[in-house]
Amino acid sequence: MLDRVVIVGGGTAGWMTASYLKAAFEDRVDITLVESGNISTVGVGEATFSDIRHFFEFLGLKEKDWMPACNATYKLAVRFEDWREPGHYFYHPFEQMRSVNGFPLTDWWLKQGPTSRFDKDCFVMASVIDAGLSPRHLDGALIDQPFDEGADEMQGLTMSEHQGKTQFPYAYQFEAALLAKYLTQYATDRGVKRIVDDVQDVRLDDRGWISGLRTAEHGELTGDLFIDCTGFRGLLLNKALEEPFISYQDTLPNDSAVALQVPMDMAKRGVLPCTTATAQDAGWIWTIPLMGRVGTGYVYAKDYLSPEEAERTLRAFVGPAAADVEANHIRMRIGRSRNSWSRNCVAVGLASGFVEPLESTGIFFIHHAIEQLVKYFPAQDWNPVRRDLYNRAVAHVMDGVREFLVLHYVAAKRTDTQYWRDTKTRKIPDSLAERLELWKAQLPDSETVFPYYHGLPPYSYMSVLLGMGGIEVAHSPALDLSDGAAAEREFAQIREKTERLVATLPKAYDYFARMR
Ligand SMILES: Cc1cc2nc3c(=O)[nH]c(=O)nc-3n(C[C@H](O)[C@H](O)[C@H](O)COP(=O)(O)OP(=O)(O)OC[C@H]3O[C@@H](n4cnc5c(N)ncnc54)[C@H](O)[C@@H]3O)c2cc1C
Ligand SMILES: N[C@@H](Cc1c[nH]c2cc(Cl)ccc12)C(=O)O
């Protein structure tokens, strides 16, 4: 049996992997995690997909167990500001698109939308977020959505199995470093061995497989399966095994970030329950409200902006609250390893691949990788078919997300700086170029978006296309021959439901304050 797993790296990826494998295999695997006391973690990962609730559920953790320990808040959407023009904003929410007579409500909206805001007309969440509200009532009851939290058929599903069934109405925002700390406790309590040391050398056998890791103070660590969670370094997979890294930078040029963690009195400020991405001259700034602080950072391309200028802009954006906060400058490696699993080594997290944090996909990539690793976990025979299936699934997720992110820039109406003008002429993936031609005639659906599982449903593409405003889209001609009364009723129902929710839901801050 193959049962000795060695994980290198104690960031979010390392501890999520250790915890999940322990929850999956309990004492039937022996897990050692080695993390450096000298090399720090990236630790800015803060916003997630809603699907991460499957991860916590798998670990048997409830929100009240981990959220207060991680200063966590709810994220009901990404709010895009100024991507179309100054002062404009729209939401990409966690809310399924309704259909009327076989057409998505957005299609009807293009024909007969009651206002100029597709997100407010088609989703109830846009107004809930604007009002700073919680998707749960103070007694914990979830807003009525076509989603039954306790439904048996939803238990035990992986993310990809869940997609398309129902849409959970929110994701989380938290301090990644605190989550890693929380999971350290979870995993070590369940028998994961933790070693604080530096891996100095990776030993390969005659076939080029990893036979052991030489550490500074703990001698040689041996195992069957080695998991590379060393971040952008890719110490095992990319360095020792020389697995090539495929850069996405030709289509996604942002390669740098500067981050600030700004302490704030959230009782006074309030919590807008979403991640905000505000377009800037050479990139965009994220704003993530947490309990006790706001996480913020400028993501930019260093070809267009210097780190000093980026920091200056970010500080001016945040204001005096950040005066005493030290900035964290980060270089990002954008793209993916050609194969994330090679020989007896699997890379998870930044070592596997990363795209800029525009739709908060980093932790989603980790979660997906771990689910797939359990699914295709190797046996003593190291059947290469399972490895290849794993590599395919991981590559598809990242390539699909790349298309989705590139769409944001191509579709953004802004062209006021060289950076934004170049987004309209830069090369884009061929497959996306073909899809764009289709979407101009017919809104995206499951037949025309990236065809493999990559976490994003067609309505996410519709939201970005309609919100960014730079690409002309049209309603289906069939709607001109159809009775629009049912769509009118749907818009009216959304309006009524929105009014009811805004009148009854508590403030997001009050909900978390009570949870603590
Ligand atoms: C600017 C930015 C913003 C982001 N925002 C988000 C977001 O909003 N949402 C999201 O989901 N994701 C986000 N991410 C991604 C997220 O931060 C990462 O996916 C996540 O933190 C996982 O990182 P990691 O564990 O792979 O690597 P790291 O955090 O870099 O951890 C690497 C670990 O390896 C150890 N290590 C390295 N070398 C050695 C060695 N020789 N010996 C022993 N140990 C070693 C280090 O000590 C460390 O413990 C963001 C990333 C960046 C760069
Ligand atoms: N299945 C993912 C995809 C998703 C659906 N809606 C959104 C909205 C945002 Cl802002 C990100 C991601 C998503 C999930 O449910 O998390």
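Residue positions are counted from 1 within each chain, in the order its sequence is given. For this description, chains carry letters from A and ligands carry numbers from 1, given in the order in which they are written. With the structure being a predicted model, the display of local features is reserved for residues of pLDDT at least 70 and the display and counting of side-chain atom pairs for 80 or more, all residues being used for whole-chain, interface and lining totals.

**Student:** Just to check I follow, could you spell out the overall build of the chain for this structure?
**Tutor:** Assigned secondary structure in the chain consists of 18 helices and 23 strands. Every one of the 516 residues in the chain was classed for burial, and the buried ones make up 47%. In DSSP terms, a helix is any run of H or I states spanning at least four residues, a strand is any run of E spanning at least two, and both are numbered starting from the N terminus. For every residue, the other C-beta atoms within 10 Å of its own C-beta are counted; 20 or more classify it as buried, 12 or fewer as exposed, and values in between as partly exposed. C-beta atoms are placed from the backbone.

**Student:** Is there a simple way to think about the pairing of strand 16 (residues 275-280) in this case?
**Tutor:** One face of the sheet, then the other: side chains in a regular strand alternate in exactly this way. Most of strand 16 is tucked away: 5 of the 6 residues are buried. Between strand 16 and strand 17 (residues 283-289), which pair antiparallel in sequence order, lie 2 residues. Two strands pair if DSSP finds at least two bridges between them.

**Student:** Please explain the sheet that holds strand 2 (residues 30-35) as it appears in this structure.
**Tutor:** For sheets, the rule is that strands pair by backbone hydrogen bonds, running either parallel or antiparallel. The sheet built from 6 strands is open, its strands ordered 9-2-1-13-22-21 with mixed pairing. Strands with a single pairing partner mark the edges of an open sheet, and in this sheet they are strand 9 (193-196) and strand 21 (341-342). Both strand 2 and strand 9 contribute to a ladder of 4 bridges, which runs parallel. Note that in strand 9 the partner of Val34 across the bridge is Ile195.

**Student:** Looking at this model, I keep getting lost on the packing of helix 12 (residues 362-375) against helix 13 (residues 384-411). Mind explaining?
**Tutor:** Pairs of packed helices are described in terms of their axes, by the angle between the two and the distance that separates them. At their nearest, the axes of helix 12 and helix 13 sit 10 Å apart, and the two run at 160° to each other. The orientation of helix 12 with respect to helix 13, classified from their angle, is roughly antiparallel. Here helix 12 and helix 13 pass one another in a crossing that is right-handed. Across the interface between the two elements, Phe365, His368, Ala369, Gln372 and Leu373 of helix 12 pack against Tyr390, Ala393, Val394, Val397 and Met398 of helix 13. When residues are grouped by polarity, Ala, Val, Leu, Ile, Met, Phe, Trp, Tyr, Cys and Pro land in nonpolar, Asp, Glu, Lys and Arg in charged, and all others, Gly among them, in polar. Tallied by class, residues from the contact of helix 12 with helix 13 come to 8 nonpolar, 2 polar and no charged. Orientation is described by lines fitted to C-alpha atoms, with helices fitted over the stretch in contact, and by angles between N-to-C directions that extend from 0 to 180 degrees. With respect to orientation, any angle under 35 degrees is reported as roughly parallel, any angle over 145 as roughly antiparallel, any angle of 65 to 115 as roughly perpendicular, and every other angle as oblique. Should the near helix be turned anticlockwise from the far one by less than a right angle, the crossing is left-handed, and should it be turned clockwise, the crossing is right-handed. Contacts here follow a simple rule: the backbone-placed C-beta atoms of the two residues must lie within 7 Å.

**Student:** Is there a simple way to think about the sheet that holds strand 12 (residues 220-221) in this case?
**Tutor:** Strand order in the open sheet formed by 3 strands is 10-11-12, with antiparallel pairing between adjacent strands. Looking at strand neighbours, the two that pair on one side only are strand 10 (199-204) and strand 12, the edges of this open sheet. Both strand 10 and strand 11 (residues 210-215) contribute to a ladder of 5 bridges, which runs antiparallel. The residue bridging Val199 from the neighbouring strand is Thr215, located in strand 11.

**Student:** Help me understand the nonpolar core in this model?
**Tutor:** As a rule of thumb, nonpolar side chains are buried together in soluble globular proteins. By size, the foremost hydrophobic cluster in this structure holds 152 residues, and its most contacted members are Ile7, Val8, Leu76, Met125, Ile129, Leu236 and Val348. Each domain span listed reflects an automatic or database assignment of domains. Looking at which domains feed residues into this core, each of domain 1 (1-46 + 175-254 + 332-382) and domain 2 (256-331) gives three or more. Residues in contact with Ile7, not counting those within four places in the same chain, are Gly14, Thr17, Ala18, Ile31, Leu33, Ile227 and Cys229. Think of a nonpolar core as buried Ala, Val, Leu, Ile, Met, Phe, Trp, Tyr and Cys residues, each tied to the set through C-beta atoms within 7 Å.

**Student:** Mind showing me how you'd approach the domain arrangement of the chain here?
**Tutor:** Interface size is often expressed as the accessible area that is lost when the parts come together. Parsing the chain into structural domains produces domain 1 (1-46 + 175-254 + 332-382) and domain 2 (256-331). Spacing between the C-alpha centres of domain 1 and domain 2 amounts to 28 Å. Of the residues lining the interface, 11 residues belong to domain 1; the matching set on domain 2 comes to 17 residues.

**Student:** Help me understand the UniProt feature "binding site: L-tryptophan" (unreviewed entry) in the chain in this model?
**Tutor:** UniProt positions are given in the numbering used here, feature names are shortened, and annotations may be inferred rather than shown by experiment. Here, UniProt's "binding site: L-tryptophan" (unreviewed entry) annotation points to Glu359. Here Glu359 lies in the loop between strand 23 (353-354) and helix 12. When residues no more than four places from it in sequence are discounted, the contact partners of Glu359 are Val78, Phe404 and Leu405.

**Student:** Could you clarify how one ought to interpret the environment of Thr361 in this entry?
**Tutor:** Structurally, Thr361 can be placed in the loop between strand 23 and helix 12. Leave out the neighbours within four places in its chain, and Thr361 touches Val355 and Val401.

**Student:** Can you walk me through the packing of helix 1 (residues 12-25) against helix 8 (residues 176-189) in this structure?
**Tutor:** As a packed pair, helix 1 and helix 8 sit with axes 9 Å apart at the nearest point and diverge in direction by 30°. In terms of crossing hand, the pair formed by helix 1 and helix 8 is left-handed. For the pair formed by helix 1 and helix 8, the contact residues are Thr12, Trp15, Met16, Ala18, Ser19 and Lys22 on the first element and Ala176, Leu179, Ala180, Leu183, Thr184, Tyr186 and Ala187 on the second. Among the residues forming the contact of helix 1 with helix 8, the class breakdown is 9 nonpolar, 3 polar and 1 charged.

**Student:** Teacher, can you tell me more about the UniProt feature "binding site: FAD" (unreviewed entry) in the chain here?
**Tutor:** According to UniProt, the feature "binding site: FAD" (unreviewed entry) maps to Gly10, Gly11, Thr12, Ala13, Val199, Leu350 and Ile363 in the numbering used here. In sequence the annotated residues extend across 354 residues, and in space they extend as well, their farthest C-alpha pair lying 24.2 Å apart. Here Thr12 shows up in helix 1. Taking the number of C-beta atoms within 10 Å as the measure of exposure, Thr12 has 26 and is therefore buried.

**Student:** In this structure, what is going on with helix 12? I would like to understand it.
**Tutor:** Note that an α-helix has 3.6 residues per turn; residues three or four places apart therefore point the same way. Given a helix with a known number of residues, its expected span is that number minus one, times 1.5 Å. The end-to-end C-alpha separation of helix 12 is 20 Å, in line with the 20 Å expected for 14 residues at 1.5 Å each. For helix 12, the buried fraction is high: 12 of the 14 residues fall into the buried class. Looking only at helix 12, the buried set comprises Gly362, Ile363, Phe364, Phe365, Ile366, His367, His368, Ala369, Ile370, Glu371, Gln372 and Leu373. Tucked into the core, helix 12 has its buried residues touching helix 1, helix 2 (52-59), helix 7 (159-162), strand 22 (345-347), strand 23 and helix 13.

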